Amino acid sequence: MFETVERNENKFDLTLIFKRYETEIILGIIFVFYLFMANFFSWSQAFDYPFLNNSGGSDPYFNYYIIQYILTYHTQLLHELFLNYPIGAGNPRPPFFHWMIAFVATILSPIFGVYKAAYYAFAEFDAVFGALLIIPVYLMAKEAFGKKAGIIAAFLYALMPGNLSAGILTDGRMHTPELLFAFLAIYFFEMAIKNAKKGLFINKLSDVKSYLPSIISYYSKNKKATIYALLSGAALGGLMLSWQGYAYIQVIILIYVVVQSVINLLTRKPTGYLTYITTLSMFLGFLMGAYYYYGSGLISGWYTPEVQMAVLGIAFLILINIIGRKPWVITVPLTIAVSLGGFFVLLKLEPTTMHTLISGEGYFIKTRVYTTIAEAAPLPLGEYINSF
């Protein structure tokens, strides 16, 4: 009798635990399922130390070379002779993934040895980050459509061939950590917008002395939104340290912000929260990326145009804040005139920045040079549909 009661209590406890952590358990199962799918079909080919077997083209071999360089010399590879031999060229790969593998290899070195640990971690981490992608997918779908839709979205995403092919055990191209930071940057920005108070940012624009007290007051009322904005900036900074094409995500965020500010202008709603969140997010992201891009000599080509884009976006928001309280007869023509004037001035003074803004660093508008990159070529329609 006592044994029966004890069994019933244990059963009740397990049921209670499942109900309390239902979402976490389901997401954990999907996570393990993705890891199994990403590992099972390539396991026999992936591990043949010291030989590197990769399916992601030439990129994985150079990525692994950088990791070995870091482990050997304990510094970032900045210039490589065999790129554009015999003159050499700068290392175009941002450092996050390589240094993370080196860090994990150092921790596991007492078990495997540092180079063998790096070999195993390099082979596996694309799959790990691919599995982690289900978390932001769940969070974004949950915010838009509810918890059940979020779980379904996470499960479907785990089954997508397009996602599995990027996270397969032998891929080595490091696309999944890039996607993780991109998704998190957008999700946290979305949450910052959702949690922000939509009131006036600065009550009286003509009173300069009231600016600082107004900003402090706005912060005290929007602490949650501030945290989300900073998390979005941290994710953007992580993306900058993982992928030079981070302008793709930056442009998506800035386009949304500009469109939303114009909608607010036409509906006579405050735009201060957009200015506040965008400034925090962009400032922290570019602060995180500044050291690497400056130190590697890439600041003029891969950093300055993107900073100018962020400044332009924030300047546009400030303009909307200034004129947004006036009648339409004034605000709409003035916004169009200033925007067109700024467009033509920028086109003359900074054509590179304008090209980056319009093309999303070449990801929105393809160039002839871009079309020579095999992995960037669009898939046939049938294969594209099957991937999603």
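Read on for an overview of the structure. (Residues numbered from 1 in each chain as written. Predicted model: local features only at pLDDT ≥ 70, side-chain atom pairs only at ≥ 80, totals over all residues. Heavy atoms only, no water.)

### Observations regarding the overall build of the chain
- If you tally the helices and strands in the chain, you get 19 helices and four strands.
- Across the 388 residues of the chain, 42% fall into the buried class.
- Looking at the chain alone, contacts between residues at least 24 apart form 73% of all its contacts between residues at least 6 apart.
- Accessible area for the chain stands at about 21,400 Å²; split by element, carbon and sulfur atoms hold 71% of it. (Helix = DSSP H or I, 4+ residues; strand = E, 2+ residues; numbered from the N terminus. Buried < 20%, exposed > 50% of the residue type's maximum accessible area, 1.4 Å probe, protein only. Contact = heavy atoms within 4.5 Å. Areas by Shrake-Rupley, 256 points an atom, 1.4 Å probe, with all protein chains shown as cover.)

### Quick look at the nonpolar core
- With 71 residues, the main nonpolar core has Phe97, Ile101, Phe125, Leu239 and Ile277 as its most contacted residues.
- Only α4 (59-73), α5 (96-112), α6 (114-132), α10 (175-195), α12 (223-240), α13 (247-266), α14 (272-295) and α16 (304-323) provide two or more residues apiece to this core.
- In terms of residue count, the dominant contributor to this core is α10 (12 residues).
- When neighbours within four sequence positions are excluded, Phe125 is seen to be in contact with Phe97, Met100, Ile101, Val104 and Thr176.
- Leu27, Ile134, Ala154 and Leu164 belong to the second-largest nonpolar core, a separate cluster that totals 12 residues. (Core = buried A, V, L, I, M, F, W, Y, C linked by side-chain atoms within 4.5 Å.)

### A short note on a nonpolar patch on the surface
- On the surface, Ile336, Leu340, Phe343, Phe344 and Leu347 cluster together to form a nonpolar patch covering roughly 470 Å² of accessible area.
- Here Phe343 is to be found in helix α17 (residues 328-349). (Patch = residues over 30% accessible without salt bridge, like charges linked within 9 Å, V, L, I, M, F, W, Y side chains within 5 Å. Salt bridge = Lys/Arg side-chain N within 4 Å of Asp/Glu carboxyl O.)

### Focus on the pattern of salt bridges
- Within the structure shown, the criterion is met by four salt bridges.
- Note that Lys194 is salt-bridged to Glu143, the shortest N-O span being 2.4 Å. One end of the pair, Lys194, is in helix α10; the other, Glu143, is in helix α7 (residues 134-145), and 51 residues separate them in sequence.
- Taking the relative accessible area as the measure of exposure, Lys194 reaches 52% and is therefore exposed.

### Thoughts on α12
- Between its terminal C-alpha atoms α12 stretches 25 Å, which fits the 26 Å expected from 18 residues at 1.5 Å a residue.
- Of the positions making up α12, those classed as buried are Ala225, Thr226, Tyr228, Ala229, Ser232, Gly233, Ala235, Leu236, Gly237, Gly238, Leu239 and Met240.
- Contacts from the buried residues of α12 go to α10, α11 (211-221), α13 and α14. (Expected span 1.5 Å × (residues − 1).)

### A few points about the environment of Ala234
- With respect to the helices and strands, Ala234 occurs in helix α12.
- Separated by 50 residues in the primary sequence, Ala234 and Leu184 place their C-alpha atoms 9.3 Å from one another.

### Some points on the side chain of Ser261
- The topology assignment puts Ser261 in helix α13.
- By relative accessible area, which is 0% here, Ser261 ends up buried.
- Only 2.6 Å separates the side chain of Ser261 from the backbone oxygen of Val258, close enough to count as a polar contact.
- In contact with Ser261, not counting residues within four places along its chain, are Thr271, Leu274, Phe316, Leu317 and Ile320. (Polar contact = N/O pair within 3.5 Å; in protein donor to acceptor, adjacent residues only side chain to side chain.)

### Here we look at the packing of aromatic side chains
- According to the stated counting rule, one finds 26 aromatic pairs in the structure shown.
- With a centroid separation of 6.3 Å and an interplanar angle of 55°, the aromatic rings of Phe125 and Phe129 are classed as tilted. With Phe125 and Phe129 both in helix α6 and four residues apart, this pair spans about one turn of that helix.
- Ring centres 5.1 Å apart and planes at 70° place the aromatic pair Tyr218 and Tyr276 in the edge-to-face group. A residue pair is termed long-range when its members are at least 10 positions apart, and Tyr218 in helix α11 and Tyr276 in helix α14 qualify at 58 residues. The residues Tyr218 and Tyr276 share a single accessibility class, namely buried.
- Among the aromatic side chains, those forming a connected cluster through ring pairs are Trp43, Phe47, Tyr49, Tyr64, Phe97, Phe112, Tyr119, Tyr120 and Phe122.
- Over the ring of Tyr273 we find Lys198, and its NZ or CZ is 5.1 Å from the ring centre. (Phe/Tyr/Trp six-rings, centres within 6.5 Å; stacked < 30°, edge-to-face > 60°. Lys NZ or Arg CZ within 6 Å of the ring centre and 35° of its normal.)

### Comments concerning the environment of Arg93
- Inspection of the secondary structure puts Arg93 in the loop between β4 (89-90) and α5.
- Arg93 sits 27 residues away from Ile66 along the chain, and the two C-alpha atoms are 8.8 Å apart.
- In this structure, Arg93 is in contact with Asp59, Phe62, Asn63, Ile66, Gln76, His98 and Tyr292, ignoring residues within four places of it in sequence.
- Within the structure, Arg93 has its side chain in polar contact with the side chain of Asp59 (distance 2.8 Å).

### Some words on the packing of α5 against α6
- It is at 7 Å that the axes of α5 and α6 come closest, and there the two elements cross at 130°. By the angle between their axes, α5 is oblique relative to α6. Seen from above, α5 lies across α6 with right-handed handedness. Contacts between α5 and α6 involve Phe96, Phe97, Met100, Ile101, Val104, Ala105, Thr106, Leu108, Ser109 and Phe112 from the former and Val114, Lys116, Ala117, Ala118, Tyr120, Ala121, Phe122, Phe125 and Phe129 from the latter.
- A class-by-class count of the residues in the contact of α5 with α6 yields 16 nonpolar, two polar and one charged. (Axes fitted to C-alpha atoms, helices over the stretch in contact; angles between N-to-C directions. Parallel < 35°, antiparallel > 145°, perpendicular 65-115°, else oblique. Left-handed = near helix turned anticlockwise from the far one by under 90°. Nonpolar A, V, L, I, M, F, W, Y, C, P; charged D, E, K, R; others polar.)

### Observations regarding unusual backbone geometry
- Omega for the peptide link from Tyr85 to Pro86 comes to 5°, which places this bond in the cis form.
- Structurally, Pro86 is set in the loop between β3 (79-80) and β4.
- Here Met174, not a glycine, exhibits a phi torsion of approximately 70°, which is positive.
- Residue placement: Met174 occurs in the loop between α9 (161-167) and α10.

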